[in-house]
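Topology and contacts: notes
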Amino acid sequence: MKSDLKTRHGGKILADALVAQGVKMAFGVPGESYLPLLDGMHDVRDQLQFIVCRQEGGASYMAEAYGKLTGEPGVLLVTRGPGATNGSVGMHTGYQDSTPMVMFIGQVGNDMVEREAFQEIDYRRMYGQMAKWVAQIDRVERIPEYVSHAFHTALAGRPGPVVLALPEDMLFSEAAVADVDRAHVVRPGVSAFQTNELKNLLERARSPFVIVGGGGWTREATQKLRNWAEAAGLPVGNSFRCQDLFDNRSPSYAGDVGIGINPKLAQRVKDADVLLVIGARLGEMTTGAYTLLEVPQPRQTLIHVHAGAEELGRVYRPALAINSGYPQFIDALPDLRKNPSWEKSTAEAHSQYLEWSEPRPMPGKVQYGEIIRWLSNNLPEDAIIAGGAGNFASWLHRHFTYKGFRTQLGPTNGSMGYGYPAGVAAKLAAPKRTVIAICGDGDFLMNGQEIATAVLHGANFVALVVNNGLYGTIRMHQEREYPGRVFGTDLRNPDFAAYARAFGAHGETVERTEEFAPAYERAAKSGKPALIELRIDPDAITPATTLSAVRDKALKSRR
Ligand SMILES: Cc1ncc(C[n+]2csc(CCOP(=O)(O)OP(=O)(O)O)c2C)c(N)n1
Ligand SMILES: [Mg+2]
């Protein structure tokens, strides 16, 4: 804490408060509504980098990805109404992904609030359902208190986004106040009674299954969990888009319990007598749309461990509910004797996972599954893969082997446009690590403008754009539900490599599988942000089926 109490304007107090919280990087788009904050940041620019983006949607995804990757709150700075509305997508993503984030929004001055002044929105109402806490700092001397509260809230229990609005007159006014030290990460622990209960339930289990997911893990906790599961012979699955929590190479790994789940794995989860779920919320994607477990009383004996007390019993009534942080829970795990019958079934689950991850031939000259396998086999173990939403991501989910903590950045809310900005944030947050973004043609152009941000800030990573000329996911659902009645799902795309080059990035186009590896090498060595377009046959709609097969099946079932 600083001992001298100099008079500072609100923007400077806030910038200093961010530095005091250990914030090293903030993402955003400037606005005239928060000029004093920009002025305050000018003074601390060596400690706190401002990543200036081209659209708040991209900036908010970057802040989310930063929070997801580092476990520290991703900080987002946006202007009033238009900035606040553009920036909402990353907040919704962060909420569903339990990612710590703090968003600062310029606000109409208190001298004109509630008149529907220029760009005025009441953020408490707007962000009420997308944030853990929304507040407005009305008094300049209370900035350190509000910032401390915001960072504690973003990090505590189930992490998530927080919004602070900054009335313009408050930012311009001055006060002599002290900074506050960094927020604590407040998470509950587990009792001896609970670990005993857990041991009793697990030791009696004939076909147990463990699912891990959610935000708030540490690398050490994931490693300890792996040792524990392997020692006991327990099978473990990762929840939707949390595939990097349990090392996929472990003999205990059974696959991802997400969208497009291996049917054998789905059956295994259904047939489990005891389910130990650590950190996953058990949302729609992880439960096969609430079919793997019955609502509200699952047939499996459910042991649900979650850092947010309100998640326990929200959908499923657990047999044992443990409100605990995950590192705290993992440290308290009871020793279990190796169970040979579990081990046998776990070995079977792992071999089913391996079989499932092998790519199958697909129509067209670009075998996208083979390309994902190539990346999986050739990238460094700690490479970060940022993915967006769309069918193109299913090859990634299925064929990439995640080898370590925080090697996957994906939106569990299925929000398009995430992969590219997440790649930018990942490269800036971890410049020594290899970063790849995997985008769809629809998905990429939702935030393709952020190539300018990558070029400006030197985020030299490689993005793939999987181009099938379609909003393919929606086309697939259309052909299944209303076969032949295609509507609103064709895309007319730019030349993506030329688009990248126009920004000063490196661009490549791949039309045959064998062109990929050399194109990747050139892209990775280009010393620039790089984009590789993969031209995919539009009939190759998922790793397992074709669009024409989906249509034919739907037509047949209607006859
Ligand atoms: C922001 C947002 N808008 C719309 C959707 C609905 N949606 C889901 S997937 C999809 C199409 C994705 O197209 P593309 O990125 O080209 O991937 P493909 O399915 O073709 O592989 C759409 C429109 C969404 N999930 N997110
Ligand atoms: Mg597409």
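Residues numbered from 1 in each chain as written. Chains lettered and ligands numbered in written order. Predicted model: local features only at pLDDT ≥ 70, side-chain atom pairs only at ≥ 80, totals over all residues. Heavy atoms only, no water.

1. Some thoughts on the overall build of the protein
Spelled out, the test is: Secondary structure elements are taken from DSSP: a helix is a run of H or I of four residues or more, a strand is a run of E of two residues or more, and numbering for both begins at the N terminus. For the exposure calls, accessible area comes from a 1.4 Å probe over protein chains only, and a residue counts as buried if that area is under 20% of its type's maximum, exposed if over 50%, partly exposed in between. Accessible surface area values rest on a Shrake-Rupley calculation with a 1.4 Å probe, where residue burial reflects the displayed protein chains alone. For the charge count, each Lys or Arg is scored as positive and each Asp or Glu as negative, with His and the chain ends excluded. Note that the charge is assigned to NZ on lysines, CZ on arginines, CG on aspartates and CD on glutamates.
Helices and strands together make up the secondary structure of the protein, namely 22 helices and 20 strands. Its C-alpha atoms give the protein principal-axis dimensions of roughly 70 × 60 × 45 Å. When each of the 559 residues of the protein is scored for burial, the buried share is 59%. Carbon together with sulfur atoms contributes 50% to the accessible area of the protein, which is approximately 22300 Å² in total. Computed over 60 positive and 61 negative side-chain charges, the separation of the two mean positions in the protein equals 5 Å.

2. Re the coordination of the magnesium ion (ligand 2)
For clarity, the threshold we go by: Only N, O and S atoms count as donors, using a 2.8 Å limit from the metal and a wider 3.2 Å limit for Na, K and Ca, and since water is excluded some coordination spheres may look unfilled.
Within the protein, the atoms that donate to the magnesium ion (ligand 2) are Asp441 (OD), Asn468 (OD1) and Leu470 (O), at distances of 2.0 to 2.2 Å. Counting along the primary sequence, the residues that act as donors to the magnesium ion (ligand 2) give the motif D-x26-N-x1-L. One end of the pair, Asp441, is in helix 17 (residues 441-444); the other, Leu470, is in the loop between strand 18 (462-467) and helix 19 (472-481), with 29 residues separating them in the sequence.

3. Some remarks on the packing of aromatic side chains
The criterion, for reference: Think of it this way: a Phe, Tyr or Trp ring, Trp meaning its six-membered ring, pairs with another when their centres are within 6.5 Å, and the plane angle makes it stacked under 30 degrees, edge-to-face over 60, tilted otherwise. Throughout this description, the term charge over a ring refers to an Arg CZ or Lys NZ atom that lies within 6 Å of the ring centre and within 35 degrees of the ring normal.
Counting across every chain of the model gives 16 aromatic pairs. Grouping aromatic residues by their ring pairs yields a cluster made of Tyr420, Phe444, Phe461, Phe496, Tyr499 and Phe503. If you follow Arg158 out to its NZ or CZ, it ends over the ring of Tyr95, 5.3 Å from the centre. One Lys or Arg, Arg406, reaches over the ring of Phe405 and ends 5.5 Å from the middle of that ring.

4. Re the packing of helix 14 (residues 368-378) against helix 15 (residues 392-399)
For the record, the criterion: Only the stretch in contact is used when fitting a helix axis, every axis being a line fitted to C-alpha atoms; angles between N-to-C directions are given from 0 to 180 degrees. These descriptions rest on fixed angle ranges, namely under 35 degrees for roughly parallel, over 145 for roughly antiparallel, 65 to 115 for roughly perpendicular, and the rest for oblique. Two helices cross in a left-handed way if the nearer one is turned anticlockwise from the farther one by less than a right angle. They cross in a right-handed way if the turn is clockwise. By definition, residues are in contact when any of their heavy atoms lie within 4.5 Å.
Direction vectors running N to C along helix 14 and helix 15 enclose 45°, while the axes themselves pass 9 Å from each other. The angle between the axes of helix 14 and helix 15 places the two elements in the oblique class. Pair helix 14 / helix 15 crosses with right-handed handedness. Judged by residue contacts, Tyr368, Gly369, Ile372, Arg373 and Ser376 of helix 14 engage Phe392, Trp395, Leu396 and His399 from helix 15.

5. Here's the deal with the state of the cysteines
Formally: The criterion for a disulfide is a pair of cysteine sulfur atoms lying within 2.5 Å.
If you walk through the whole model with that rule in mind, you get zero disulfides. Cys242 takes part in no disulfide bond, and the closest cysteine sulfur to it belongs to Cys439, at a distance of 20 Å. Since its relative accessible area comes to 9%, Cys242 is described here as buried. Here Cys439 is not cross-linked by a disulfide; its sulfur's nearest cysteine counterpart is in Cys53, at 15 Å.

6. Examining helix 15
Counting buried residues along helix 15, seven of its eight residues qualify, which places the element largely inside the surrounding structure. Buried within helix 15 are the following residues: Phe392, Ala393, Trp395, Leu396, His397, Arg398 and His399.

7. Section: the environment of Leu396
Tracing the backbone shows Leu396 in helix 15. On the accessibility criterion, Leu396 (3% relative accessible area) is buried. C-alpha separation for the pair Leu396 and Ala266, spaced 130 residues apart in sequence, amounts to 19 Å. Not counting the four nearest positions on each side in its chain, Leu396 is found in contact with Ile372, Ile385, Gly387, Tyr402 and Ile438.

8. Details of the sheet that holds strand 5 (residues 101-107)
The line we're drawing: Strands qualify as paired when DSSP identifies two bridges or more between them.
Taken in spatial order, the six strands make up an open sheet running 3-2-4-5-7-6, and their pairing is parallel. One side of each edge strand has no neighbouring strand; the edge strands of this open sheet are strand 3 (49-52) and strand 6 (133-136). Taken over all neighbouring pairs, the strand axes of this sheet differ in orientation by 20° on average, direction set aside. Across four bridges, strand 2 (residues 25-28) lies against strand 3 in parallel orientation. Across the sheet, residue Phe27 finds its bridge partner in strand 3, namely Ile51. Taken strand by strand, helix 3 (residues 56-70) contacts strand 2, strand 3, strand 4 (74-78) and strand 5, and its axis lies near 165° from that of strand 4.

9. Overview of the pattern of salt bridges
Any two side chains of opposite charge can pair, so long as their charged atoms come close to each other. Keep this limit in mind: Whenever a carboxyl oxygen of Asp or Glu lies within 4 Å of a side-chain nitrogen of Lys or Arg, that contact is scored as a salt bridge.
Taken as a whole, this structure holds 33 salt bridges when the rule is applied. Salt bridges sharing common partners tie together Arg8, Lys12, Asp16, Asp43 and Asp179.

10. Considerations on the site of ligand 1
This is how it is decided: Any residue with a heavy atom positioned within 4 Å of a molecule or strand is treated as near that molecule or strand. For this analysis, a polar contact is any N or O atom pair within 3.5 Å, provided that within protein one partner can donate a hydrogen and the other can accept it, and provided that sequence-adjacent residues contribute only side-chain to side-chain pairs.
Taken together, 16 residues form the shell around ligand 1, and within it Gly414, Asp441, Asp443, Gly472 and Thr473 come nearest. Within the contact set of ligand 1, a nitrogen atom lies 3.2 Å away from a backbone nitrogen or oxygen of Met416. Taking Thr473, its side chain carries an N or O atom lying 2.6 Å from an oxygen atom of ligand 1. Calculation on ligand 1 without its partners gives an accessible area of 580 Å², and the protein chains cover 76% of this total. The set of elements that each furnish at least two residues to the shell around ligand 1 consists of helix 17 and helix 19.

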